[in-house]
Amino acid sequence: TNSAVQSIYRMVNVFPPHQQPQIRQLLAFVLQAIVSQQLLPKSNGPGRALAMEILIPNGAIRNLIREDKMHQIYSSMQAGQNESGMTTMNQSLLRLVQTNVLSKQDAMDASFVPDELIKMLKDAMEFEEKSEPLLHDKCLACLCDMKRTEVIEEDKRYIQRILNELVADSREHLLALEDLIEE
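What you see is a predicted model; the values in this text were computed from it and never measured. (Residues numbered from 1 in each chain as written. Predicted model: local features only at pLDDT ≥ 70, side-chain atom pairs only at ≥ 80, totals over all residues. Heavy atoms only, no water.)

S.K.: Now, about the overall build of the protein chain: what can you tell me, with residues and values included?
M.R.: Secondary structure assignment for the protein chain yields ten helices and two strands. The secondary structure elements of the protein chain, listed N-terminal to C-terminal, are α-α-β-β-α-α-α-α-α-α-α-α. When each of the 183 residues of the protein chain is scored for burial, the buried share is 34%. Considering only residue pairs separated by 6 or more positions, the protein chain has 60% of its internal contacts joining residues 24 or more positions apart. (Helix = DSSP H or I, 4+ residues; strand = E, 2+ residues; numbered from the N terminus. Buried < 20%, exposed > 50% of the residue type's maximum accessible area, 1.4 Å probe, protein only. Contact = heavy atoms within 4.5 Å.)

So, in structure tokens, the structure goes:
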């Protein structure tokens, strides 16, 4: 699917309506993360850029899933990003625009909430204009010329770290779920 919320809807809607409340309860208990991604053509040359949305459920998101309030998950992702490492697709697209990997137009075309992305781009531009330059122009030029593979490798390490943590947590939750089923 194209977003974390759509993934949750799809998992729940596979089941008949009379079973969906029970499925939401189980999903809220065992869900460890959802990673949605898009590979977009780079605007600055050949290749593709990874834009991703990461949902790592906290107590509030688990409660929203249980109570069938999936429409509120996106705002919880925005609010909980600093504590848990969650990222919305628009935040990922903004980062790609800021690093000159994607053009603003390509990011807008890939966004599922373009109005929000427009606001984020404007806010980022205003912040850049107001803040004093921190680097000498030569240093800035050097940073802009860095190989994009370093950014991709950093993303890969981040995703691998999260997946390793999720696998460990999943084992614990599966054991707890097995215990509940046996009772």
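Don't stop here, the text continues.
S.K.: Any chance you could break down the nonpolar core for me, citing the residues and the numbers?
M.R.: Ranked by internal contacts, the top residues of the largest apolar core, which has 22 residues, are Ile 8, Leu 55, Ile 61, Ile 65, Ile 73 and Met 77. For this core, the elements supplying multiple residues, two or more each, are helix 1 (4-13), helix 2 (20-30), strand 2 (48-55), helix 3 (59-66), helix 4 (73-79) and helix 10 (148-182). When residues in this core are grouped by element, the largest group, four residues, is from helix 1. In this structure, Ile 8 is in contact with Leu 27, Ile 34, Ile 65, Met 70 and Ile 73, ignoring residues within four places of it in sequence. (Core = buried A, V, L, I, M, F, W, Y, C linked by side-chain atoms within 4.5 Å.)

S.K.: Can you break down the environment of Phe 15 residue by residue, with the values?
M.R.: Turning to its location among the elements, Phe 15 is positioned in the loop between helix 1 and helix 2. Its relative accessible area of 32% is what places Phe 15 among the partly exposed residues.

S.K.: Mind laying out the side chain of Ser 36, listing which residues take part and the relevant values?
M.R.: Along the polypeptide, Ser 36 turns up in strand 1 (residues 34-41). By relative accessible area, which is 3% here, Ser 36 ends up buried. Looking at Ser 36, its side chain comes within polar contact range of the main-chain oxygen of Ser 3, at 3.4 Å. Within the structure, Ser 36 has its side chain in polar contact with the backbone nitrogen of Ala 4 (distance 3.4 Å). (Polar contact = N/O pair within 3.5 Å; in protein donor to acceptor, adjacent residues only side chain to side chain.)

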